[in-house]
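Residue-level listing of the chains:
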Amino acid sequence: MSLNGTYDPDNIFAKILRGEIPCAKVYEDDQVLSFMDAFPQTSGHTLVIPKTPSRNLLDTDPDMLTHVIHTTQTIASAVKTALDPDGIVITQFNGAPAGQTVFHLHFHILPRYTGGQMRDHASGQMADMDVLKQLAAKINAAL
Ligand code: 5GP
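As the structure is a computational prediction, the values presented were derived from the model and not from experiment.

Caption draft 1: Structural view of the site of the ligand. In the vicinity of the ligand, 18 residues are found, and the nearest of them are Asp-37, Thr-101, Val-102, His-108 and His-121. Contact distances for the ligand include 3.3 Å between an oxygen atom and a backbone N or O atom of Gly-99. At 2.6 Å, a side-chain N or O of His-121 approaches an oxygen atom of the ligand. Within the residue set of the shell around the ligand, elements represented by two or more residues are helix H1 (12–17) and strand S2 (32–36). In terms of residue count, H1 provides more of the shell around the ligand than any other element does, three residues in total. Grouping the amino acids of the shell around the ligand by side-chain chemistry returns ten nonpolar, seven polar and one charged.

Caption draft 2: Inspection of the nonpolar core at higher detail. Membership of the largest hydrophobic core comes to 20 residues, with the highest contact counts inside it found for Met-36, Ile-75 and Ile-139. Those elements that place two or more of their residues in this core are S2, helix H2 (62–83), strand S5 (107–112) and helix H3 (129–141). The element best represented in this core is H2, accounting for eight residues. Ignoring anything within four residues of it in the chain, the contact list for Ile-139 reads Val-26, Met-36, Gly-44, Thr-46, Ile-75, Ala-78, Val-79, Ala-82 and Leu-83. Residues Phe-13, Phe-35, Ile-49 and Val-102 belong to the second largest nonpolar core, which totals seven residues.

Caption draft 3: Focus on the pattern of salt bridges. All chains considered together, the criterion is met by five salt bridges. Linking Asp-10 and Arg-18 is a salt bridge whose minimum nitrogen-to-oxygen distance equals 3.1 Å. The shortest N-O distance in the salt bridge between Glu-20 and Arg-18 comes to 2.7 Å. What makes Glu-20 partly exposed here is its relative accessible area of 47%. Connected through shared salt-bridge partners, Asp-10, Arg-18 and Glu-20 make up one network.

Caption draft 4: Quick look at the layout of surface pockets. If you add up the space inside the largest pocket, you get close to 520 Å³. Lining the largest pocket are 27 residues, and of these Ile-12, Phe-13, Asp-37, Ala-38 and Phe-39 sit closest to its centre. With three residues, H1 is the largest single contributor of residues to the lining of the largest pocket. Among the residues making up the lining of the largest pocket, the classes are represented as 18 nonpolar, eight polar and one charged.

Caption draft 5: Structural context of the side chain of Asp-29. With respect to the helices, strands and loops of the structure, Asp-29 is situated in the loop between strand S1 (25–28) and S2. Despite its burial, Asp-29 pairs with no opposite charge, the nearest such side chain being Lys-51 at 5.7 Å. Within the structure, Asp-29 has its side chain in polar contact with the backbone nitrogen of Val-32 (distance 2.8 Å). Side chain to side chain, Asp-29 and His-67 meet in a polar contact 2.7 Å long. Apart from residues no more than four positions distant in its own chain, Asp-29 is found in contact with Lys-51 and His-67.

The rules behind each value
- Residues numbered from 1 in each chain as written.
- Predicted model: local features only at pLDDT ≥ 70, side-chain atom pairs only at ≥ 80, totals over all residues.
- Heavy atoms only, no water.
- Near = heavy atom within 4 Å.
- Polar contact = N/O pair within 3.5 Å; in protein donor to acceptor, adjacent residues only side chain to side chain.
- Helix = DSSP H or I, 4+ residues; strand = E, 2+ residues; numbered from the N terminus.
- Nonpolar A, V, L, I, M, F, W, Y, C, P; charged D, E, K, R; others polar.
- Core = buried A, V, L, I, M, F, W, Y, C linked by side-chain atoms within 4.5 Å.
- Buried < 20%, exposed > 50% of the residue type's maximum accessible area, 1.4 Å probe, protein only.
- Contact = heavy atoms within 4.5 Å.
- Salt bridge = Lys/Arg side-chain N within 4 Å of Asp/Glu carboxyl O.
- 1 Å grid on protein atoms, 1.4 Å probe; cavity = no way out; pocket = protein on both sides within 12 Å on 5 of 7 lines; lining within 4 Å.
- Points joined across faces, edges and corners; volume = space filled by probe spheres on them.
- Lys, Arg positive; Asp, Glu negative; His and termini not counted.

Below, the structure is given as structure tokens:
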């Protein structure tokens, strides 16, 4: 989808927000939701999304974007405390040619470990939901 497409209310994250498909929830407030990526590139791969519809960084209300990026910082700090990584990658893609595959704004939080591998973006194997829920609970406890 190009940068100029319209928001699809049936994208997978919209379905998660409506509770139509499950997720391993880390945190939510009235404006944002954070949950584990189902196809993690590294163990602990966490996502942060706004509850309001926007496809990417460019069409997001600036005040909402401020809250989403602030929450991303908070969750990244909790990931650091909970999982003790050696580094953390934050990514965010805009448009299919840039690597975006789900067209609802989201930030990726990817813990990295010295010598550890990171799977390619959007190529991962689906993780076990119980494992994701354990990671989510651990990160939540560090908030
Ligand atoms: P993007 O490619 O748009 O930057 O990132 C989309 C992310 O959503 C990918 O990392 C992908 O693994 C993740 N993802 C795709 N489908 C699902 C799903 O059903 N549940 C969850 N929790 N993550 C998903």
